[in-house]
Amino acid sequence: MISELQRQHSRGEYNYVAGDGYPGDHHSLRLRRLSSQMSIHDFPHYNPSLSDAGDSEAGDHGQPRDLRSLPLPMAIKKAKLKSRGIQVPVLSKVELWKQEKLKKLRKFQTKAREFLYFLVLWGKTIQKIGGNFGGGVKSYFLFLRFLVVLNFVSFLLIAGFVIIPSLVFRQVGTSFMNSTGNERCTIYEPNPPGLVVFYNFFLDLLSGTGFMEYSFMFYGYYKNTMVENNSFSYKIPLAYLFTAVFYFAFCLICIIARMGTAARVAVATGGSTVVNYSMTVFNGWNFGCLGETATKLKQKNLLYRLQVDLEEESLKKRAASLTLLKKFGLHSLRLLMALLVLGLNIAAFYGISYATTYSQEQQNKRVNKESDRIQDLFFEYLPSIVISVANFLVPLLCDQIAKVEHYSPSITVIVALLRAVVLRFVGLGVLLFTLWDQITCTGNMDDAKCKECSYNYASYACWETRVGQEMYKLTLFDLLINIAVLVLVEFPRRMVVDNWSSKVSQLVGRQEFVVSSNVLGLVYSQTVVWTGALFCPLLPLINTVKFVILFYCKKITLFSNCRPPQKTFRSTTSAFFFLVVLLLGWMLASVVMIYSIAVIHPSRGCGPFRFSDNMWLIIPTSFYNLSAATQEFLFFIGSQAFTIPLFSLSGLVMCYVIALFSIYGKSVGLLRLQLKRESRDKQFLVKQIEELSR
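Parameters at a glance
- Residues numbered from 1 in each chain as written.
- Predicted model: local features only at pLDDT ≥ 70, side-chain atom pairs only at ≥ 80, totals over all residues.
- Heavy atoms only, no water.
- Phe/Tyr/Trp six-rings, centres within 6.5 Å; stacked < 30°, edge-to-face > 60°.
- Buried < 20%, exposed > 50% of the residue type's maximum accessible area, 1.4 Å probe, protein only.
- Lys NZ or Arg CZ within 6 Å of the ring centre and 35° of its normal.
- Patch = residues over 30% accessible without salt bridge, like charges linked within 9 Å, V, L, I, M, F, W, Y side chains within 5 Å.
- Areas by Shrake-Rupley, 256 points an atom, 1.4 Å probe, with all protein chains shown as cover.
- Salt bridge = Lys/Arg side-chain N within 4 Å of Asp/Glu carboxyl O.
- Helix = DSSP H or I, 4+ residues; strand = E, 2+ residues; numbered from the N terminus.
- Expected span 1.5 Å × (residues − 1).
- Bend = angle between axes of the 7 residues up to and from the residue.
- Core = buried A, V, L, I, M, F, W, Y, C linked by side-chain atoms within 4.5 Å.
- Contact = heavy atoms within 4.5 Å.

## A few points about the packing of aromatic side chains
Okay, so step 1: Evaluation of the coordinates by the stated rule reveals 30 aromatic pairs.
Okay, so step 2: Look at Y247 and F248: their rings are 5.6 Å apart centre to centre, the planes differ by 80°, and that puts the pair in the edge-to-face class.
Okay, so step 3: Y247 sits in the buried class, given a relative accessible area of 2%.
Okay, so step 4: Classification of F248 as buried rests on a relative accessible area of 4%.
Okay, so step 5: Among the aromatic residues, those joined into a ring-pair cluster are Y188, Y214, F216, Y219, Y221, Y222, Y240 and F609.
Okay, so step 6: Between the NZ or CZ atom of K128 and the centre of the ring of F559, over which it lies, the distance is 5.2 Å.
Okay, so step 7: Lying across the ring of Y524, R424 places its NZ or CZ 5.4 Å from the centre.

What follows is the structure, encoded as structure tokens:
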């Protein structure tokens, strides 16, 4: 009788009703509260047989109810689960093995994610930098990490298709010579010496000459080797050219993909301080922060972001309050400063051009191998020295000029970056133009120097290696300058400021980490690598090592010598602009590659294209050696029957995407306007409540 009453009591309150779930959904919350307040001892004793019978009667389809949906105490749920586990039929060995393997696989995936998190390159260091110095400085180190990975993967691509096959097939392959050209033009003797003293070895290492000139470091070492048998064919010239093209395409894809990620963040904020403030307040905190250190770093990061928003909002209000006369004076001052910056850039370009011409003349006059090597090394590095001095002095003056222009912090970074970009990119272009002007005899093939070999053979027997050496020296000299500045300038400045209490030291103070100039240094280095990769295949590897060393040098100087920036800036827009500048560098290097491949005559005595009038001719020559079916397929891809439908389909897809973008943009605009109106309504209501409460 007691058990029957217990069963009725249990069914009366907890039985399942098909379609509604519980007897009255509005009572479910009350029942859960009552059940949580009940003591386990006051609840009727659990009888497994009765409960299972009740479950079988309650379910119309004979399926037991989910215990998580029952408003029962945890002790009874555990007992119910235990009783069900006893009645579950025993699984087969195969099913048990599958379940065990599935559990182990999930556990392995979890452990792998945790392990990969710790393997992220400089992950904790970059998080610490962002917490102590803000998102702007953090964006520089993220950009540096991206370039390290990009250069290393690019080196693997070049090594896999050019360097390793050239070393393997060098002895077993067949090399072809151009029998139609002048035999004098085919002579190239870099004269690699035998045993040399360490003094000359070190100088050759710095200049890329001597034992390094005829090594797989530079273009002149590679031959027009071809390996063919019944089932395998490999042409080094074709692989060399295709690898260079794929290398540039791969870098472009990586840049665009990263730009898309940065653009989504920039569009999400919308450039609005209010929207960014809301994202920082409501979505900025990371609940996965573990430990006191990570929590403090995240707090500091949020503080810097809020500081950026408040500072930019105050500058906007100050600019809006200017009178018409003050605005005219401000814009006139900015125009005058822009003309001054233009004059500084023109002077720097002239100095780079003159230094390059003088350096090449001195190197071409050098006939005696026993000449002063230190003087020769100075002449070889003279263009690099002038470029580095210009890149240091002109941006420094531009930073002082920017202080009187009264831009916002984010705009100041972008303007400084644009000015330095023009200086560095045009300076590199002036260097290359001066070299090509001498290689091609100013484009006059009837000149006595270029008439015999179609290029200035007397001064540049292997001009590709010469260009590669210039890019190698620029890369190496930039690294040496960064290390020298760290050791000879930044550390002594910190020591003087910390240990010498005078007005001069207090006025100078600890240095700030200038993001714009440091980012531009990375972009310039990467542009030099892209420019010289065709002539120095190992340059991506050298740049990878350089950027790794640079990361630790910048990290040391940041934590030891720098103070947190007094003026912060928004990292979302700046990160996107960094990639835009990098894309401009890629475009400059692409122009150099296209001009070298399609216009200038290759050297006749060195390199894999010594038998061709230009590098591009290897493509049609190899094309006509393909099978007839392959040629027809490639002709069809290049024909109008394929390109016109493809272009039309691409146009339709672009129109559809643009229409979606326009619709979504209008929707987002309407939602933002609605949020602003609602905020105004709430402010109005709050004021009304305050007035009524008085």
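Next comes the rest of the write-up.
## Observations concerning a nonpolar patch on the surface
Okay, so step 1: Together, I481, I483, V485, V487, L488, V489, V545 and I549 give the surface a local cluster of nonpolar side chains, amounting to about 620 Å² of exposed area.
Okay, so step 2: At the level of elements, α15 (463-499) and α18 (539-561) are the ones that each hand at least two residues to the nonpolar patch.
Okay, so step 3: For the nonpolar patch, the element with the highest residue contribution is α15, accounting for 6 residues.
Okay, so step 4: As for its placement among the helices and strands, L488 is situated in helix α15.
Okay, so step 5: Given a relative accessible area of 63%, L488 falls into the exposed group.

## Description of α15
Okay, so step 1: Across its 37 residues, α15 extends 53 Å between first and last C-alpha, which sits within 8% of the 54 Å expected from 1.5 Å per residue.
Okay, so step 2: At L486, α15 shows its maximal kink, close to 35°.

## Structural notes on the pattern of salt bridges
Okay, so step 1: Tallying each qualifying case throughout the model produces 2 salt bridges.
Okay, so step 2: Residue K473 pairs with E470 through a salt bridge whose shortest N-O separation is 3.3 Å. Pair noted here: K473 and E470 are both in helix α15, with a separation of 3 residues, about one helical turn. Across the pair, E470 and K473 agree in class, each one buried.
Okay, so step 3: Between K546 and D478 there is a salt bridge, with the nearest N and O atoms lying 2.7 Å from each other. With a gap of 68 residues between them, K546 in helix α18 and D478 in helix α15 connect regions that are remote in the sequence.

## Here we look at the nonpolar core
Grouped burial of nonpolar side chains is what soluble globular proteins tend to show.
Okay, so step 1: The biggest cluster of nonpolar side chains holds 111 residues, and the ones touching the most others in it are Y140, F141, F143, W463, W530 and L582.
Okay, so step 2: Considering each element in turn, this core owes the most residues, 17 residues, to helix α6 (residues 123-169).
Okay, so step 3: What F143 contacts, discounting residues up to four positions off in sequence, is V519, L522, V523, F578, L579 and L582.
Okay, so step 4: The next biggest cluster of nonpolar side chains, apart from the first, holds 5 residues, and it includes F169, V227, I236 and A239.

## Concerning the environment of F559
Okay, so step 1: On the secondary structure map, F559 appears in helix α18.
Okay, so step 2: Under the relative-accessibility criterion, F559 is labelled partly exposed at 31%.
Okay, so step 3: Between the C-alpha atoms of F559 and F133, which are 426 residues apart in sequence, the distance is 9.3 Å.

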